[in-house]
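Structural description and commentary
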Amino acid sequence: MAFAPVGPEASFFEVLERHRASLLAARSGSGDRPDAGTRLASSPEVLASIENIVEDVVRSLARREAPALAVADRASWQNVKFAESAGLQMAPHCTTRKVRSDSPRSAQKFALILKILSMIYKLVQSNTYATKRDIYYTDSQLFGSQTVVDSIIDDISCMLKVPRRSLHISSTSKGLIAGNLSYVEEDGTRVSCTCGATVVAVPSNIQGIRNLITDAKFLLIVEKDATFQRLLDDNFCSRMSPCIMVTGKGTPDLNTRLLVKKLWDTFHIPAFTLVDADPHGIEIMCIYKYGSMSMSFEAHHLTVPAIRWLGLLPSDIKRLNVPKDGLIPLTKRDLMKLDSILKRPYIACQPLWREEMEVMANSNLKAEIQALTFLSADYLSRVYLPNKLKSGGWI
């Protein structure tokens, strides 16, 4: 199935095609393989792992010792290593913290981990699925908050060394897709994401989608839903066809990140981020590209280091003479976030990123993508993005 060409002439994509060729050459030279480390654990493997944990608890009780669980410290940079080809990964021999049953500080967490492990065991055994929200509402008073449940599920996933899907815990998607992409969902439903009045929600089971088809020349990852909708209103997908647009509506959820990863592994088309020229936007771009410290144990499933920063670059603000009315002073929190990003291990291999962040810090100003509307209402879709894509204006 091919999509009818309605966008720019083929010559428009020459720079993109050269960029794609360079990405493929780099990938081939690094020995990178698609789907590396993405194997889902089988149900018997998950059940056996949970049984081993429970047996250790029982053995401790039999010895009249207080049981304890060893949980990887996912909040320490010391437990994270960086590889340019995979992003942030959990170190093989990372430090752990003991969640003890006899400590007032951790006894409740110990009990909650066992509670959720028992729920996961039943889900896997019965081949049924539940969302994190479902688990929270089984006993909201006991868990206290959704954040507690989310953190424990990630701790269990890390402890068992299996992705969340293998635990039969599904995530609610908040992301959206549009553009030249079609696929078949796990239940056989055919989905077309061709730009129109209605966009398509990111599926809740990314591993289950198949028969992906696209002619797209690039993937544009848009930080915010408002910008995504504006581009749709401006008919950007049709103007720049063939292309795909995705938004995670801010900090991306797991399924949006899995989708971006699957699109890269399947098609190897250039992927670009369009984020605000502020520390929060840069943070979101880093999550798509290199992952996060807390989810470093799932890096191979989630990161796409081939992603490039298309805009909004801090240097663009001065270059385009964006009016001061469209700029915002950096807050103390912004400066702390910027300083934190500059200290991360991947910045050493991104000197152009460092330069852009220094431009931001020196000006003490940030800008949302919407600041470009000060130049003209459709400047982003009509001028800014087409010019950048045609001339290779990414870093």
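One can find the structure itself at the top, above this paragraph.
Here goes a summary of the coordinates provided. Just so it is clear, the model here is predicted, and its values are computed rather than measured.

**Some details on the sheet that holds strand β11 (residues 210-213)**
Taking strand neighbours across the sheet as the criterion, the 3 strands line up as β9-β8-β11 in an open arrangement whose pairing is antiparallel. On the outer flanks of this sheet lie β9 (190-192) and β11, each paired with one strand and no other. Each strand axis lies, on average, 10° off the axis of its neighbour in the sheet, ignoring direction. Where strand β8 (residues 182-184) lies against β11, 2 bridges are found, and the strand directions are antiparallel. By the bridge assignment, Val184 is partnered in β11 with Arg210.

**Side note on the pattern of salt bridges**
Under the defined criterion, the tally for this structure stands at 19 salt bridges. The salt bridge involving Lys109 is made with Asp155; its shortest N-O contact spans 3.0 Å. Of this pair, Lys109 sits in helix α3 (residues 107-126) while Asp155 sits in helix α6 (residues 146-160); the two residues are 46 residues apart in sequence, bridging distant segments of the chain. Overall, the relative accessible area of 22% leaves Lys109 in the partly exposed class. Overall, the relative accessible area of 2% leaves Asp155 in the buried class. A salt bridge links Glu283 to Arg344; the nearest nitrogen and oxygen atoms lie 2.6 Å apart. Note that Glu283 is positioned in helix α10 (residues 279-290) and Arg344 in the loop between α13 (332-342) and α14 (351-363), a separation of 61 residues in sequence. Comparing Glu283 with Arg344, the two get one shared label, buried. Within this structure, Arg74, Arg97, Lys109 and Asp155 form a network of salt bridges that share partners.

**Considerations on the pairing of strand β14 (residues 271-274)**
Of the two faces of β14, both are covered, the one formed by Ala271 and Thr273 as well as the one formed by Phe272 and Leu274. In the sheet, strand β12 (residues 219-222) pairs with β14 via 4 bridges, with the strands oriented parallel. Residue Val222 lies in a different strand from β14, and its bridge partner there is Leu274. With 3 bridges joining them, β14 and strand β15 (residues 308-311) adopt parallel strand pairing. Each bridged residue has a counterpart across the sheet, and for Phe272 the counterpart in β15 is Arg308.

**Brief notes about the sheet that holds β12**
Strand pairing within a sheet occurs via backbone hydrogen bonds; the two strands may be parallel or antiparallel. Pairing in this open sheet of 6 strands is mixed, and the strands run β10-β7-β13-β12-β14-β15 from one edge to the other. Only two strands of the sheet have a single neighbouring strand rather than two, namely β10 (200-201) and β15. As paired strands, strand β7 (residues 176-179) and β10 are joined by 2 bridges and run antiparallel to one another. When the sheet's bridge partners are listed, Ile177 is paired in β10 with Val200. This element, helix α9 (residues 254-267), spans β7, β12 and β13 (244-247) of the sheet and lies at about 155° to β13.

**Topic: α9**
Counted at 1.5 Å a residue, the expected span for α9 with its 14 residues is 20 Å, and the 20 Å between its end C-alpha atoms agrees. Along α9, 12 of the 14 residues are buried, which leaves the element largely enclosed by surrounding structure. Of all the positions in α9, only Leu254, Asn255, Thr256, Arg257, Leu258, Leu259, Val260, Lys261, Leu263, Trp264, Asp265 and Phe267 are classed as buried.

Reading the values: rules and limits
- Every chain is numbered on its own, with residues counted from 1 as its sequence reads.
- Where local features are concerned, this predicted model is filtered to residues with pLDDT of at least 70; where side-chain atom pairs are given and counted, the filter is 80 or more; whole-chain, interface and lining totals use all residues.
- The side-chain values count all of the structure's non-hydrogen atoms but skip hydrogen atoms and water molecules.
- Two strands form a pair only when DSSP identifies at least two bridges running between them.
- Here a strand is any run of E in DSSP of at least two residues, a helix any run of H or I of at least four, and the numbering for each starts at the N terminus.
- Working convention: axes come from line fits to C-alpha atoms, limited for helices to the stretch in contact. Angles between N-to-C directions cover 0 to 180 degrees.
- For this analysis, a salt bridge means a side-chain nitrogen from Lys or Arg found within 4 Å of a carboxyl oxygen belonging to Asp or Glu.
- Each residue is placed in one exposure class: buried if its accessible area under a 1.4 Å probe, protein chains only, is under 20% of its type's maximum, exposed if it is over 50%, and partly exposed if it falls in between.
- In this analysis, two residues are considered to be in contact whenever any of their non-hydrogen atoms come within 4.5 Å of each other.
- A helix's residues, less one, multiplied by 1.5 Å, set its expected span.

Limitation: the analysis is restricted to geometry and does not speak to function.
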